[in-house]
There are 2 protein chains.
Amino acid sequence: MSRPTIAGVAREAGVSVASVSRVLNGLPATDEMIERVQRAVDELGYVPDARARSLNGMARGYADGLVISPLRVDEDLIKSIRECEVPVVVAGSVPAKAGVDTVRANSPKGMLLAVEHLVSRGRRRIAFLNGPADTVPGEARAKGFADALRAHDLQPAAIAEAADFTFAAGRATAPTLLGKQRIDAVIGANDLLAVGLMHELAAAGLQVPGDVAVVGMDDSELAEQCFPPLTSVNLGSAERGRRAAELLLARIEDNSRAPRRIVVQPSLSVRKSTP
Amino acid sequence: MSRPTIAGVAREAGVSVASVSRVLNGLPATDEMIERVQRAVDELGYVPDARARSLNGMARGYADGLVISPLRVDEDLIKSIRECEVPVVVAGSVPAKAGVDTVRANSPKGMLLAVEHLVSRGRRRIAFLNGPADTVPGEARAKGFADALRAHDLQPAAIAEAADFTFAAGRATAPTLLGKQRIDAVIGANDLLAVGLMHELAAAGLQVPGDVAVVGMDDSELAEQCFPPLTSVNLGSAERGRRAAELLLARIEDNSRAPRRIVVQPSLSVRKSTP
DNA sequence: GTGAAAGCGCTAACAA
DNA sequence: TTGTTAGCGCTTTCAC
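Quick caveat, the model's predicted, so the values are computed rather than measured.

J.: A description of the protein's contact with DNA strand D should follow, citing residues and the corresponding values.
T.: Close contacts around DNA strand D come from 24 residues, with Ser19(A), Thr30(A), Asn56(A), Ile6(B) and Tyr46(B) the closest. Each atom of DNA strand D within 4 Å of the protein was classed as base or backbone; sugar and phosphate made up 60%. Contributions of two or more residues to the surface near DNA strand D are made by α2 (17-24) of chain A together with α2 (17-24) and α4 (50-55) of chain B. A class-by-class count of the residues in the surface near DNA strand D yields 12 nonpolar, eight polar and four charged.

Written as C-alpha cells, this is what we have:
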C-alpha cells in the first residue's frame, strides 16, 4: 500500500537497483536498460524519495547555498557564515574584512533623491517619519535623512519615530509631526508609514500634494494603489534579490573566486503625492 | 569538519547510539544517562539530521497532513485525495459524497450583505466589476451578485469582467462600467479590483461615496489603507485557515471520525467608501 | 534501562 | 555497461 521504492522498480524491471538509480540520474546505460526501467517506473508510478536521496553525499543537504538578510550583524554572525557548510551570500551590510559576497541597497543615496526631488519642487520645510531608530533600516534612514538635508543646507522641519514600520503606527505617530511647526513635505521611512500619514493629513484637512508633499520608500504596490499615488524611493529590492541569487550561483559553481560586494543604486518613482 | 552525527555524540558520551536516540526523543532513561548525553550534545553542538530522521517509519514523511485549496475540483482530484497517504482537508467546495473534511466560505451570502448594505443606504443602480468568470471565485461571485439583486427586485446596472483579479485589470476595465448608464454603486469581486476602479472614478471626477459607493471583497489590508477606506466583505479567510488546521489536526489524531463540512459565515466591514 | 544490530530508500565505490 | 555491496544518520526491535 505504501509508495513503491527503487527496489520495487528493480524487481519489476528485472534489473539491479543500481541500474535503476543510474537510469534515473541520467548516467550511461544501454537503450534497452533505459527502456525497461522507464516502463517499470511508469507502471508503478514510482517517485524517488527526496529524503533518502539527499542522505548520501555530504554536499547535498537541504540547500546548496544560502542568501541571508540579517537584521543585526555581529562577530557571531560572521563566524557562523564562515563555518557554514554551504556558500552564503549576505543581502545587507557586512564589513569588507568578513570576506563574504554581499549585495546591498544605498539608502543614503535614496534619501538624497527624495530630498532633491522635494527641493526641486520648492519644498523646504521637510519632515521625516521614521520607524524604530534602533533597527538597521531605521538607523540608516535617520542618518541618510540628516545627511541629505545638510547637503541642501536645510534643517529638519520635524522628526518622529513610529513604534514600528506599519500603517497603524504611521497613523498613530503622524499627529506628532503635524502638531509641530508648519511643514510642506514629509518623507516616510517606508510606504506603509507614508500612507498612514496621508490618512491623517486628510483627516486634518490638508491636501496632498497641495499643502504637504509626501514621499515613501520601497516603491511597493501600495505606493501605486493608494490615493493619491505615492512618490516613492525604489531601493531596488527585486534587483538586489536577483543579484544575490547570481552571486550565490556563481560561488556554488566556483568557491575560489574573490568575494564581490555589489551596491544596487536607488531610483525615484515619481507619482501624484508630490507636485 | 562536517557536522557531528549521533555516533559522535555516542562516542563522546561513552554510550550507545541507541541510548542517544532515546534520550533525544524523550524515551525513558536514567538521569545519569540523560545528563551524559546532554553534555555531549552541547559539547559537540550536535543537531539531528531531519532527513535521516524522517527516513524511518512510513508515516513520518515531509508532512503529516495536507490542507489544499484547489482552483478546480474534478474526479481526478477526489481520487487523488482518497489515495493520499496522509489526511487531506479541502479549503473550498467539494461534493459531500467525496467524504472529505472541508471548510468553505459563503460568498453568495457575502454578496447579499454587500447588496443589502448598499440598498439600505439608498443605492439602487448597482454595478458589478468581476474578475474572469471562468474561475471558481469569478463564477460564484457572478451568480451571487445576480441572486442578491434578484432578492431585492433589482436589475444589474452594469456588469464588467476584468482580465484578472488585479489592480491594473480593475483600472483597465472600470471605464466599461462608467461609460454605461448612470450607476450609484459598484461591487468589486475583490479589493484590488475595487481600488483600481476607485482610481478611475477619481479620474472621471466622481466622488466616493458621494456619487458612487464602492464595496470590495476580501477585507484585505488594502481596504483599510486605501483612500477613502473601502467597505469590504470579509469572507473569513483567516478563520477558514484556522478551522482547516483544526480539522486536519483532529483527523491526524483520529482518522476514523466522520467527515465534517464547515461553512464560515461572511461579515461586512463598513468603511468610508459607502455612505 | 541499555546496547547490538537490522533496516529506512537511495547513491557510489568496486568488481565483474 | 551492469550487478554487488557498503554505507548515509537515524530509529527501532530484540536480547541482555
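J.: Go over the protein's contact with DNA strand C, please, and point to the residues and values.
T.: Taken together, 24 residues surround DNA strand C, and among them Ile6(A), Tyr46(A), Asn56(A), Ser19(B) and Asn56(B) come closest. Between DNA strand C and Arg22(B), the relevant distance is 2.7 Å, taken from a base nitrogen to a side-chain nitrogen or oxygen of the residue. Within the side chain of Thr30(B), a nitrogen or oxygen atom sits 2.5 Å from a phosphate oxygen of DNA strand C. Where the surface near DNA strand C is concerned, the elements lending two or more residues are α2 and α4 (50-55) of chain A together with α2 of chain B. Counted by class, the surface near DNA strand C contains 12 nonpolar, eight polar and four charged residues.

J.: Tell me about the pattern of salt bridges, and please be specific about residues and values.
T.: Residue and element names in this part refer to chain A. Within the structure shown, the criterion is met by 20 salt bridges over all chains. Asp219 is the salt-bridge partner of Arg271, the closest N and O atoms lying 2.9 Å from each other. Residue Arg271 is located in the segment after β10 (267-269), and its partner Asp219 is located in the loop between β7 (213-217) and α10 (221-225); the two are separated by 52 residues in the primary sequence. The salt bridge partner of Glu246 is Arg243, with a shortest N-O separation of 3.5 Å. Here Glu246 and its partner Arg243 are both found in helix α11 (residues 237-253), three residues apart, which amounts to about one turn of the helix. A single network of salt bridges, built from pairs that share partners, joins Lys143, Asp147 and Arg150.

J.: How would you summarise the nonpolar core if you had to cite specific residues and measurements?
T.: Ile126(A), Ile187(A), Val214(A), Ile126(B), Ile187(B) and Val214(B) are the most contacted members of the largest nonpolar core, which has 91 residues in total. Judged by nonpolar contacts, the second largest core, of 11 residues, contains Ala10(B), Ala13(B), Val20(B) and Val41(B).

J.: Lay out the packing of aromatic side chains with the relevant residues and their values.
T.: All names here are of chain A. Applying the stated criterion to the full structure yields two aromatic pairs over all chains. With a centroid separation of 4.8 Å and 20° between ring planes, the pair formed by Phe128 and Phe145 is classed as stacked. Separated by 17 residues along the polypeptide, Phe128 in strand β4 (residues 126-130) and Phe145 in helix α7 (residues 136-151) bring together distant segments of the chain. The exposure class of Phe145 is buried, given its relative accessible area of 1%.

J.: Which residues make up the pairing of strand β6 (residues 185-188) of chain A, and what values do they have?
T.: All names here are of chain A. Along β6, one buried face is formed by Ala185 and Ile187 and the opposite face, lined by Val186 and Gly188, is buried too. Alignment of β4 against β6, held across four bridges, turns out to be parallel. From the neighbouring strand, Phe128 faces β6, where its bridge partner is Ile187. A crossover connection joins β6 to the parallel β7 through helix α9 (residues 191-203); in handedness this β-α-β unit is right-handed.

J.: So what about helix α1 (residues 6-13) of chain B? Which residues, and what values?
T.: Residues and elements named next belong to chain B. Buried within α1 are the following residues: Gly8, Val9, Ala10 and Ala13. Residues of α1 that are buried make contact with α2 and α3 (31-44). Measuring from the backbone nitrogen of Ala7 back to the side-chain oxygen at the start of α1 gives 3.1 Å, which picks out Thr5 as the cap. Remark: Gly14 follows α1 within two positions and exhibits a positive phi of approximately 70°.

J.: Please set out the packing of α2(B) against α3(B) residue by residue, giving values where relevant.
T.: To describe two helices that pack against each other, one gives the angle between their axes and the distance between the axes. Residue and element names in this part refer to chain B. Two elements in contact, α2 and α3, have axes whose closest approach is 10 Å; the angle formed by their N-to-C orientations is 90°. Taken as axis vectors, α2 and α3 run roughly perpendicular relative to one another. Residues Ser19, Val20, Val23 and Leu24 of α2 form the contact with α3, whose participating residues are Met33, Ile34, Val37 and Val41. Of the residues contributing to the contact of α2 with α3, the split by class is seven nonpolar, one polar and no charged.

J.: Provide a residue-level description of the sheet that holds strand β6 (residues 185-188) of chain B, including the pertinent values.
T.: All names here are of chain B. If you trace the six strands from one edge of the open sheet to the other, you get β5-β4-β6-β7-β8-β10, paired in mixed fashion. Taken across any chain shown, the strands that pair with only one partner, and hence form the sheet edges, are β5 (158-161) and β10 (267-269). On average, each strand axis in the sheet is inclined to that of its neighbour by 20°, with strand direction left out of account. Note that β6 and strand β7 (residues 213-217) share three bridges and pair parallel. The residue of β7 that forms the bridge with Ala185 is Ala213. Along the sheet face, helix α8 (residues 167-179) touches β4 (126-130), β5 and β6 and points at about 150° away from the line of β5.

Conventions used here
- Residues numbered from 1 in each chain as written.
- Chains lettered and ligands numbered in written order.
- Predicted model: local features only at pLDDT ≥ 70, side-chain atom pairs only at ≥ 80, totals over all residues.
- Heavy atoms only, no water.
- Near = heavy atom within 4 Å.
- Helix = DSSP H or I, 4+ residues; strand = E, 2+ residues; numbered from the N terminus.
- Nonpolar A, V, L, I, M, F, W, Y, C, P; charged D, E, K, R; others polar.
- Polar contact = N/O pair within 3.5 Å; in protein donor to acceptor, adjacent residues only side chain to side chain.
- Salt bridge = Lys/Arg side-chain N within 4 Å of Asp/Glu carboxyl O.
- Core = buried A, V, L, I, M, F, W, Y, C linked by side-chain atoms within 4.5 Å.
- Buried < 20%, exposed > 50% of the residue type's maximum accessible area, 1.4 Å probe, protein only.
- Phe/Tyr/Trp six-rings, centres within 6.5 Å; stacked < 30°, edge-to-face > 60°.
- Pairing = 2+ DSSP bridges.
- Right-handed = clockwise from strand over helix to strand, strands pointing away.
- Contact = heavy atoms within 4.5 Å.
- Axes fitted to C-alpha atoms, helices over the stretch in contact; angles between N-to-C directions.
- Parallel < 35°, antiparallel > 145°, perpendicular 65-115°, else oblique.

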